[in-house]
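# Chain and residue survey
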Amino acid sequence: MASTNFSTGTVISSAWLNEADEAFYGVKSFGATGGGVANDTAGFELFFAAGGGFIPDGTYLIDTITITNQVHVTCGPNVIIRKRTGSLTAEKTINFSTGSEGSYWEGGRFDCPSSLLASWSYQGIFNDWQAIHVGTERIKLQNILFTGWPNHPLHAAGNYLIAKNLTFYQCATGPLFGWSFFTDTLESARPANAGGLG
């Protein structure tokens, strides 16, 4: 983006600021596309290593990513994150691990991958398929939608997790809390079976 000189009285719109965030701090500046086809894992790994930032609208396909440093992530209103590949074994999409203490994630929708739903009849795999796994302390999650997960979309094994406005839609079970401590409320809108969305 070219430099701009502002005169007295110039109004800077929120749209311009969002474009600036996306250009300089967004995951797309690290190579992610958000087109729902390409593997965006490498871009997300670089994005997280740099401390995170803004994820603009789009559908992002990623493999399991373990975060080992503090990140602050804010998603646009129409962000979908979907696990790209996997086998009939333990799989996580985002894994907050040692070193990521104090991280913050706001917004976005985590969809269950279609490959897992296609294997619905397979028993014994669902407990370890998670959209977000929290294995450390002081992680804050806010305004996140989980859709279509056959078991715990959120597994919080850490000692201290702050969660606000998390919604579980068409998930067969809710989150698994372990020893975690939650503040505020969780919302659940889940029928008996976990049909996939989108």
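Preceding this paragraph is the structure being described.
Residues take numbers from 1 onward in each chain, read along the sequence in its written order. Local features are withheld for residues below a pLDDT of 70 in this predicted model, meaning they are given only at 70 or higher, and side-chain atom pairs are given and counted only at 80 or more; totals for whole chains, interfaces and linings count all residues. Note: side-chain values were computed over all heavy atoms of the structure, leaving out hydrogens and water.

Take the pattern of salt bridges next. Take a side-chain nitrogen of Lys or Arg and a carboxyl oxygen of Asp or Glu: if they are within 4 Å of each other, that pair is a salt bridge. In the structure shown here, the tally under the stated rule is two salt bridges. Close ionic contact of D111 with R82 constitutes a salt bridge, the shortest N to O distance being 2.8 Å. With D111 in strand β9 (residues 109-111) and R82 in strand β6 (residues 79-83), this pair connects stretches of sequence that are 29 residues apart. Only protein chains enter the accessibility calculation, which uses a 1.4 Å probe. A residue is then buried if its area is under 20% of the maximum for its type, exposed if over 50%, and partly exposed in between. A relative accessible area of 18% places R82 in the buried class. Residues R109 and D111 are paired through a salt bridge, measuring 2.6 Å at the closest nitrogen-oxygen approach. Of the residues examined, R109 reaches a relative accessible area of 22% and is grouped as partly exposed. Because the salt bridges share partners, they merge into one network encompassing R82, R109 and D111. Counting from the N terminus, the helices are the DSSP runs of H or I reaching at least four residues and the strands are the DSSP runs of E reaching at least two.

On to the side chain of T93, then. Residue placement: T93 occurs in strand β7 (residues 91-96). By definition, residues are in contact when any of their heavy atoms lie within 4.5 Å. Those residues in contact with T93 that sit more than four places away from it in its chain are I62, D63, T64, I65, I81, K83, F110, Q130, A131 and W149.

With that settled, the discussion passes to the sheet that holds strand β12 (residues 154-156). Taken together, the four strands give an open sheet; going across it, the order is β4-β7-β10-β12, and neighbouring strands pair in parallel fashion. The sheet is open, and its two borders are formed by β4 (65-67) and β12, each paired with just one other strand. Taking the axes of each pair of neighbouring strands and ignoring which way they run, one obtains an average angle of 20 degrees across the sheet. Following DSSP output, two strands are said to pair if at least two bridges run between them. The sheet contact formed by β4 and β7 spans three bridges and is parallel. Its bridge partner being in β7, T66 is matched across the sheet by N95. To obtain each axis, a line is fitted to C-alpha atoms, and for helices this fit is confined to the stretch in contact; angles are then taken between N-to-C directions over 0 to 180 degrees. Here helix α2 (residues 41-49) sits on the sheet and contacts β4 and β7; the angle it forms with β4, its principal contact strand, is near 0 degrees.

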